Amino acid sequence: MASTDPEKEVTQSPALSAHAHSPDDISPASSTHLDDNYELYKDGKNVEADPAELKKVLRKIDYRVIPILFVTYMLQYLDKNSINFSSVYGLQKGTDLVGQDYSWLGSIFYFGYLFAQFPSGYLLQSLNPLVRKPADFVR
């Protein structure tokens, strides 16, 4: 049974399809706001790689990144649980926490995280740490 609701039908007008762009087509006006990494991305699209080499690189990344993520998430879990356990064993009495002090103690990490996100992202883009061209990876 066909739907008679025109909002549910997805059609593209010929005027829109004539001007369809690929994701890499950027107008000259907006290209001035791109960082250097976009050019690196465009240069790397045409690089051919051996599937065995790609698998080897992926395995190497997995062996280096996954343990770091595991340790980081484990430390965060232990941090949150240590505050909970210490609360049960008398943290609030021992440190004279009153009212909302305990809630602030649990939230202070996230406030630091919130305030550090913008400067760290800005510094990573402006300083370009470890930026390499695709040709640097070819032997």
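Residues numbered from 1 in each chain as written. Predicted model: local features only at pLDDT ≥ 70, side-chain atom pairs only at ≥ 80, totals over all residues. Heavy atoms only, no water.

Looking at an unreviewed UniProt entry, the protein carries the name Major facilitator superfamily (MFS) profile domain-containing protein, with the source organism given as Cudoniella acicularis.

### Examining the overall build of the protein
To keep it simple, the criterion reads: A run of H or I in DSSP becomes a helix once it reaches four residues, and a run of E becomes a strand once it reaches two; helices and strands are each numbered from the N terminus. Each residue gets one of three labels from its accessible area relative to the maximum for its type: buried under 20%, exposed over 50%, partly exposed in between, using a 1.4 Å probe on protein chains only. For every accessible area listed, the method is Shrake-Rupley and the probe measures 1.4 Å; residues are considered covered only by the protein chains on display.
On a plain count of helices and strands, the protein comes out with 6 helices and 0 strands. Order of helices (α) and strands (β) in the protein, N terminus to C terminus: α-α-α-α-α-α. In the protein, which comprises 139 residues, the share counted as buried stands at 4%. Of the roughly 12,800 Å² of accessible surface on the protein, 63% is carried by carbon and sulfur atoms.

### Focus: the packing of helix α4 (residues 51-88) against helix α6 (residues 101-127)
We apply this condition: With axes taken as lines fitted to C-alpha atoms, and helix axes fitted only over the stretch in contact, angles between N-to-C directions fall between 0 and 180 degrees. Geometric relationships in this document are graded by angle, where less than 35 degrees denotes roughly parallel, more than 145 denotes roughly antiparallel, 65 to 115 denotes roughly perpendicular, and other angles denote oblique. The contact definition used throughout considers only heavy atoms, calling two residues in contact when any of these lie within 4.5 Å. Ten residue types, Ala, Val, Leu, Ile, Met, Phe, Trp, Tyr, Cys and Pro, are classed as nonpolar, four, Asp, Glu, Lys and Arg, as charged, and the remainder, Gly among them, as polar.
Relative orientation of the contacting elements α4 and α6 amounts to 170 degrees, with a least axis distance of 11 Å. Comparing their axes, α6 and α4 come out roughly antiparallel. For the pair formed by α4 and α6, the contact residues are Q76, K80, I83, N84 and S87 on the first element and Y102, L105, G106, F109 and Y110 on the second. Partitioning the contact of α4 with α6 into residue classes produces 5 nonpolar, 4 polar and 1 charged.

### Focus on unusual backbone geometry
For D96, which is not a glycine, the phi torsion comes out positive at approximately 55 degrees. Tracing the backbone through its elements, the reader meets D96 in the loop between α5 (91-94) and α6. By relative accessible area, which is 62% here, D96 ends up exposed.

### Re the environment of Q76
Here Q76 lies in helix α4. With 33 residues separating them in the primary sequence, Q76 and F109 have C-alpha atoms 10.0 Å apart. For Q76, the contacting residues outside a window of four places in its chain are F109 and Y110.

### Side note on the packing of aromatic side chains
Rule in force here: Pairing of aromatic rings covers Phe, Tyr and Trp, the last through its six-membered ring, and needs centres within 6.5 Å; plane angles under 30 degrees mean stacked, over 60 mean edge-to-face, and all others mean tilted.
Within this structure, the stated rule accounts for 3 aromatic pairs. Consider the rings of Y38 and Y41, whose centres lie 5.8 Å apart with planes at 35 degrees: the pair is tilted. Placement of the pair is Y38 and Y41 together in helix α3 (residues 36-44), with a separation of 3 residues, close to one helical turn. Taken together, a centroid distance of 6.4 Å and an interplanar angle of 20 degrees make the contact between F118 and Y122 stacked. Here Y122 and F118 lie together in helix α6, a separation of 4 residues that amounts to about one turn. Side by side, F118 and Y122 carry an identical accessibility label, which is exposed.

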